[in-house]
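# Observations on chain architecture
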4 protein chains.
Amino acid sequence: MGDHWGTLFRIESFGESHGPGIGVVISGCPANVPLDFDLIQQELNRRRPGQSRLTTKRQEADKVEYLSGIYSGKTTGSALTMIVYNTDAKSRSYEDFQDLYRPSHADFTYEAKYGIRDWRGGGRASARETIARVAAGAVAQQILREFYQITVNSWVSGIHSVRLPLTYGRYSREQIESNEVRCPEPKFAGQMIETILEAQRQGDSVGGYVSCRISNVPAGLGDPPFDKLEADLAKAMLSIPACRGFEIGSGFQAADYKGSTHNDPFVPAIRPAGEKQIGTNSNHSGGIQGGISNGEDILFRVVFKPTATIFHDQKTVDRSGAEAILKAKGRHDPCVVPRAVPIVDAMAALTILDHILRQEAYHRFQPGISSERTFSEPFRLKEYDHDTKQKQ
Amino acid sequence: MGDHWGTLFRIESFGESHGPGIGVVISGCPANVPLDFDLIQQELNRRRPGQSRLTTKRQEADKVEYLSGIYSGKTTGSALTMIVYNTDAKSRSYEDFQDLYRPSHADFTYEAKYGIRDWRGGGRASARETIARVAAGAVAQQILREFYQITVNSWVSGIHSVRLPLTYGRYSREQIESNEVRCPEPKFAGQMIETILEAQRQGDSVGGYVSCRISNVPAGLGDPPFDKLEADLAKAMLSIPACRGFEIGSGFQAADYKGSTHNDPFVPAIRPAGEKQIGTNSNHSGGIQGGISNGEDILFRVVFKPTATIFHDQKTVDRSGAEAILKAKGRHDPCVVPRAVPIVDAMAALTILDHILRQEAYHRFQPGISSERTFSEPFRLKEYDHDTKQKQ
Amino acid sequence: MGDHWGTLFRIESFGESHGPGIGVVISGCPANVPLDFDLIQQELNRRRPGQSRLTTKRQEADKVEYLSGIYSGKTTGSALTMIVYNTDAKSRSYEDFQDLYRPSHADFTYEAKYGIRDWRGGGRASARETIARVAAGAVAQQILREFYQITVNSWVSGIHSVRLPLTYGRYSREQIESNEVRCPEPKFAGQMIETILEAQRQGDSVGGYVSCRISNVPAGLGDPPFDKLEADLAKAMLSIPACRGFEIGSGFQAADYKGSTHNDPFVPAIRPAGEKQIGTNSNHSGGIQGGISNGEDILFRVVFKPTATIFHDQKTVDRSGAEAILKAKGRHDPCVVPRAVPIVDAMAALTILDHILRQEAYHRFQPGISSERTFSEPFRLKEYDHDTKQKQ
Amino acid sequence: MGDHWGTLFRIESFGESHGPGIGVVISGCPANVPLDFDLIQQELNRRRPGQSRLTTKRQEADKVEYLSGIYSGKTTGSALTMIVYNTDAKSRSYEDFQDLYRPSHADFTYEAKYGIRDWRGGGRASARETIARVAAGAVAQQILREFYQITVNSWVSGIHSVRLPLTYGRYSREQIESNEVRCPEPKFAGQMIETILEAQRQGDSVGGYVSCRISNVPAGLGDPPFDKLEADLAKAMLSIPACRGFEIGSGFQAADYKGSTHNDPFVPAIRPAGEKQIGTNSNHSGGIQGGISNGEDILFRVVFKPTATIFHDQKTVDRSGAEAILKAKGRHDPCVVPRAVPIVDAMAALTILDHILRQEAYHRFQPGISSERTFSEPFRLKEYDHDTKQKQ
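What comes next is a walk through the structure. Source: prediction; values computed, not measured.

Rules and cut-offs
- Residues numbered from 1 in each chain as written.
- Chains lettered and ligands numbered in written order.
- Predicted model: local features only at pLDDT ≥ 70, side-chain atom pairs only at ≥ 80, totals over all residues.
- Heavy atoms only, no water.
- Helix = DSSP H or I, 4+ residues; strand = E, 2+ residues; numbered from the N terminus.
- Rg over C-alpha atoms; globule rule 2.2 N^0.38 Å.
- Buried < 20%, exposed > 50% of the residue type's maximum accessible area, 1.4 Å probe, protein only.
- Contact = heavy atoms within 4.5 Å.
- Areas by Shrake-Rupley, 256 points an atom, 1.4 Å probe, with all protein chains shown as cover.
- Lys, Arg positive; Asp, Glu negative; His and termini not counted.
- Charge placed at Lys NZ, Arg CZ, Asp CG, Glu CD.
- Core = buried A, V, L, I, M, F, W, Y, C linked by side-chain atoms within 4.5 Å.
- Least-squares fit on C-alpha atoms with pLDDT ≥ 70 in both.
- Buried area = accessible area lost by both parts, 1.4 Å probe.
- Salt bridge = Lys/Arg side-chain N within 4 Å of Asp/Glu carboxyl O.
- Polar contact = N/O pair within 3.5 Å; in protein donor to acceptor, adjacent residues only side chain to side chain.
- Nonpolar A, V, L, I, M, F, W, Y, C, P; charged D, E, K, R; others polar.
- Axes fitted to C-alpha atoms, helices over the stretch in contact; angles between N-to-C directions.
- Left-handed = near helix turned anticlockwise from the far one by under 90°.
- Pairing = 2+ DSSP bridges.

## What about the overall build of chain A?
Looking only at helices and strands, chain A has nine helices and 20 strands in total. Its C-alpha atoms give chain A a radius of gyration of 21 Å, near enough to 21 Å, the size a compact globule of 392 residues would have. Projecting the C-alpha coordinates of chain A onto the three principal axes gives extents of approximately 65 × 50 × 35 Å. The buried share of chain A, taken over its 392 residues, is 71%. For chain A, the proportion of contacts with a sequence separation of at least 24, taken over those separated by at least 6, is 72%. When the accessible surface of chain A is summed, it comes to about 11000 Å², and 49% of that surface belongs to carbon and sulfur atoms. Here chain A contributes 47 positively and 47 negatively charged side chains, and the mean placements of these two sets differ by 1 Å.

## Details of the nonpolar core
Ranked by size, the top nonpolar core spans 360 residues in total, and within it Phe300(A), Phe300(B), Phe300(C) and Phe300(D) carry the most contacts. Those residues in contact with Phe300(D), other than ones at most four positions away along the chain, are Tyr168(D), Val210(D), Ser211(D), Cys212(D), Ile214(D), Leu233(D), Met237(D), Phe246(D), Glu247(D), Ile248(D), Val344(D) and Ala348(D).

## Observations concerning the relation of the copies chain D and chain C
With an RMSD of 0.0 Å, the fit of chain D onto chain C corresponds to turning through 180° and sliding 0.0 Å along the axis. The two molecules are tied by a two-fold rotation axis, judged by turn and shift.

## Section: the environment of Tyr110(B)
Within the secondary structure layout, Tyr110(B) lies in helix α3 (residues 107-114). Separated by 15 residues in sequence, Tyr110(B) and Ala125(B) have C-alpha atoms that sit 8.1 Å apart. Setting aside its immediate chain neighbours within four residues, Tyr110(B) contacts Pro224(A), Gly290(A), Ile292(A), Gly115(B), Ile116(B), Arg117(B), Arg124(B), Ala125(B) and Ser78(C).

## Quick look at the interface of chain D and chain A
Contacts between chain D and chain A engage 42 residues on the former and 42 residues on the latter. Taking both partners together, chain D and chain A bury about 3200 Å²; carbon and sulfur atoms supply 57% of that area. Taken together, the links from chain D to chain A amount to zero salt bridges. Our count for the contact surface shared by chain D and chain A stands at nine residue pairs in polar contact (both at pLDDT 80 or more). Elements supplying a minimum of two residues to the side of chain D that touches chain A: β2 (10-15), β3 (21-27), β4 (64-68), β6 (74-75), β7 (80-85) and α3 (107-114) of chain D. Take the side of chain D that touches chain A: its biggest share by element is five residues, from β2(D). Class assignment of the residues belonging to the side of chain D that touches chain A gives a composition of 16 nonpolar, 17 polar and nine charged.

## Remarks on the packing of helix α7 (residues 229-238) of chain D against helix α9 (residues 337-360) of chain D
A pair of packed helices can be characterised by two numbers: the angle between their axes and the separation between those axes. All names here are of chain D. Close contact between α7 and α9 brings their axes to 9 Å; oriented N to C, the two are set at 145°. In this structure, the crossing between α7 and α9 has a hand that is right-handed. Across the interface between the two elements, Leu-229, Asp-232, Leu-233, Ala-236 and Met-237 from α7 touch Val-344, Met-347, Ala-348, Thr-351, Ile-352, His-355 and Arg-358 from α9. Along the lines of polarity and charge, the residues of the contact of α7 with α9 split into eight nonpolar, two polar and two charged.

## What to know about the environment of Ile193(B)
Residues and elements named next belong to chain B. Looking at where Ile-193 falls in the secondary structure, it is placed in helix α6 (residues 186-201). Classification of Ile-193 by relative accessible area gives buried; the value is 11%. With 120 residues separating them in the primary sequence, Ile-193 and Gly-73 have C-alpha atoms 39 Å apart.

## Details of helix α7 (residues 229-238) of chain A
With 10 of 10 residues buried, α7(A) lies mostly within the body of the structure. All of the buried residues along α7(A) are Leu229(A), Glu230(A), Ala231(A), Asp232(A), Leu233(A), Ala234(A), Lys235(A), Ala236(A), Met237(A) and Leu238(A).

## Re the relation of the copies chain D and chain A
It takes a turn of 180° to lay chain D on chain A, together with a shift of 0.0 Å along the axis; the resulting RMSD is 0.0 Å. Most of the interface of chain D is mirrored in chain A, where 100% of its interface residues are also at the interface.

## Some points on the environment of Ala324(C)
Residue and element names in this part refer to chain C. In this structure, Ala-324 sits in strand β18 (residues 323-326). For Ala-324, a relative accessible area of 18% corresponds to the buried category. Once the C-alpha coordinates of Ala-324 and Gln-314 are considered, the two residues, 10 residues apart in sequence, prove to be 8.5 Å apart. Not counting the four nearest positions on each side in its chain, Ala-324 is found in contact with Leu-100, Gln-314, Lys-315, Thr-316, Val-317 and Asp-318.

## Points about the sheet that holds strand β3 (residues 21-27) of chain A
Residue and element names in this part refer to chain A. An order of β1-β2-β3-β7-β4 is seen for the five strands of this open sheet, with the pairing classed as antiparallel. Looking along the sheet, the strands with just one partner apiece sit at the ends: β1 (4-5) and β4 (64-68). Note: β1 against strand β2 (residues 10-15), two bridges, orientation antiparallel. Looking at the pairing, Trp-5 lines up with Ile-11 of β2.

Following this line, the structure appears as structure tokens:
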């Protein structure tokens, strides 16, 4: 039941770590969209294991194949199916664990829920499941960019105790991809890489933060009271493996403010003709007010816990409930955060595109979504720094 | 479209601040449940305005009436409808604002979305909408407690800079209700109350934190990969007005740990016969692993921003896009956090009950949900303090 | 769970025959639509009991009141709630039946499902539930007519053995409303009325047929493979109390044809510029091919069984399973078919509008829905008569 | 958007006639179910082309492969994916048609909706799509039979003018499969076969009827007012390609009765202990009253139109709107009805199982579904014959 995401642009995910493959069906994909297949593969490459020394040594090309929904390079509007077949699945590494519950993994809970589990590589609980999200999200990102001029950019804003001074900088995809940790500030990137490598040397793991900026979002997206835009983004993010928290705009630091400094004053803004020329002079709201986008950039941050797999002996219990020691083996990431970046991009794009289509349904009655929005930004605030609570 | 919540235990909310009333339809409510109507009213009383000097002076009894779904004091299984008629709606206070966009309110975004808005008291965007959640949540809480022995308890864990030392204490509903700020630690409660009254004197507002503990949750709730239990809780919370962030278990502090200290070791646990006797020796996971409850208490925290309405003059623009000054009037809370507590309780209960029914659907195939779970707690960790990163 | 209908234009229905009232929440209603409240009441008047000598003597004005979603006479886009309070509910008539299962009523099945039932007047199973459909359908019909020039017209095409020679004539709402049985052919109307009155005199009941023509439907509505337009129409109709069958176009007579005579040849058609100028030269398809509307009128027919309540003694069993005799009392229709006409109109309108919004969501990618469609009809076939299998 | 079916036992279908394959994802499949893979293949064999002289000469083994959701021969509760790769797809036959709209096919409507179509073999509109339904339905049938003792049996009850005297006989799967037309009455089967072969010789096509009996259904399934069991069955059936009508129980003949003869009297019934011992003495209701199953067999009938592809020249128009002649080519069935039987079985099973799980969700509150129901049938009516309106 929990395998799908979205209302109009819907995805259905399937597959296990050590089964034949991981796939996704997009239902409700707009028709007539010419797809850039290289870009889809490129997003999967950003997610794939073995891409750098920071990631697991499992080597998978993660090459995507298309099973339906495309004709002559365009979407047909019918269910679009993509699959990545598994090629480097080594179940043997997991055999020793099949009767043990690995701490802070999903072994115990899957078995508690279903009464059965595919223990090979985590089965359905494996982070390989996110291939489905990234592939579908790559399609969504193309549609957002080409038809709505909306871009989604996430980056690593913290690894363990190394954190960017600015939570919400303004970075290009190229800056983000300029190093293997996906932190667009080179100096901090170096420290983050060193932190990860040090954890790896210790057989340990670390977590961190991903910040996300969605630019050029039209005002009017989100469906209160329950499908508020930030609510759907929060669900999108917390559904990503290892994610432990989500905050929008000022987030957990909102409590540090008083209303008089937290409110975002409205100001006249220079925008293309036909758009209401109103912006805000700060963005503590993170681009969403009352559950609906206000035309400012959407800014949110998520946190990922340290990878549960470590190379220390750990106390646990076995399926009979008896105490046991887990001796770690296999191939794992000392830190999932750099590989989480394309997943955050994907889930954000899937959420925004779905809400755009929901809003488009009413275009004859309600203010439309201009396809030619290119906001000028004189009104945009100086960067907001959540960590120091200082305007720069 | 965004007016409903839930899959099996579904609620549909309706109503505006200054319309005839606020109501809710519960569809998929279990039949044959004897309702304690006083308890439902009591939850609404915890939410209602005018309950203490900390809240808005709008005085509403918020008396709930029943329009359908009940026969002889029991639920019939058919749509159960509750309504609270509005009685103290004073639209006049808002007339001066009808052409202004109040900063960090939803005036601008509703108009950007719908091209029309009911400006009286915030209309649909008013926090009076949460009456629907609290009424339905009160039904859910009764069912959880009576049929599944599950309790939900939220409390104020921070107001502005006053914060509890322990994020996740263990408090009874009586302790929480022992003061008007709903902070179960009397010493901190006093400081919080003073903080709110001081903000009120300044014509300003403050935000804060609500912590929540859901006790006695059976293992097995949650539907990965997208309807993970923490994902649905995150959406539930971010859909509450003024909520800006959500974290589960160690949350945003997860990045401070390494895997070796963050993992929750499994330990044998003493539970009633028939249950798998396994627990964890710490609870950084917040009771959820891989998106599925593991039988430990669910622990999460949310943040609320300072109320957007303040009694200072504020810069803004009017509907024509021209600069303007907003002079505040009306009746508002200097801090919504104490009144948010029953709303957090409600949304948590709605989410948990829905996932229980989803799991119950498979009871013939998968491990069942015992109705007689009363966990002993020898294995439970000492309280975990997120703020100091110390085990107490 | 089964209380809602629709995906974007969604309705949630609530209420019982002898409870406070029957209501409906429309979620996803387009904003900015000026409503003609008289027309909504008028549709309810077409459904209300006591409107003629052919119907139950229960007298209810069925006056609709508005609880939310309207501001200054226009829809706001927020949940729109309507309610009809019950005023002439006489539970006493039902007291004698409360331990008996009335044959072919829902008493037994509701109790088998829920373990409890509100026996007063059928409770939730009462046809008074259809007030919700008719009220919401009246809103949908207004939107279809004003924004899309689409009209829905149903009429009685048969009562017991009296049947119209043409299944799918072309009738105006005025012709249909010209008599109390809602048959637009006066000669047959007279015979139908006599048939109903004769059944009434015998203490018996009769059923019949309703035909429906939806005119000016744009091509492109319907979502194969599962949400085909005829599939959703079929569900819409079979959800109406007492409905026992649905057929589209040639329907059950399709088997009488061979492919060579059943196929609808495409022909060039004169339509407004911008539309693909293609029609069909017959309409056995009933306006839907492959689950998607083709621009021709949609034609379908439904059948209603004789009312289950009759004024004869009937054998049955009581709640203990013992044999018993049911002696009929109360106020009922000898034939529900004339009052079913506005319900068929309503459900058809709700279904079509929902599919329009679903298609509008993709307007930027796929062929749009012109708001100025006024098909000329040179290509339209002569009326098709399903009963005689003759072209007229 | 229209690619999925079901609420708890959900299927998502994908694939085109001449793409890589046709597949289905089952989400919400109960865990721990040992699957008989031969039976799944056997259902696909009943559907596959080339199985007899009555069907298209397209030869496909339609061998099903499993992509996810199974471990050690059992379902895991995670998304279960099946695919049939296309092997005998000959696009060339369709090249001549790519600019023509084939009468009563979906070419025109798909293009009107999506602005693009995959013309090869009907693309997504091809009846090969039903592979997804049959594969998923085979899983549902196993679960129904093994866990709930429910069987679904459909058969051909009419081909063109050859019709069985009894609409709802009682036949075993073996009787139904005893001949290539799937009519369990040998004498009529012979006439039906001859009718189809004659149509084939004429280059023409014929349609017909499928009757369905679902046995041993527990009382209590169905969710009024909108998800009535017959409403969901009607949608299920009308979503099958070429289906033009659905009727439950007495169906379109209900109008021939009066209430006094149409009502189904309740009678005491001998059933296993623990069940309410009540049945009905006739079954005009078709096993469903008020939208909820009453414990009697569910009886419904559907009609299929003659295949649209014929081997006659046909008038049509091309994509420019100009008149044209379609000269038929390719490989097609002169009659789809025998191959529709396993599809009707599949859709019926998917619908019933979904409603069972919906009801099971409330098992702690409402009367349960016994897993050991084996109704004795002394109370069952003699066969009911809709065609002659006679009790036999």
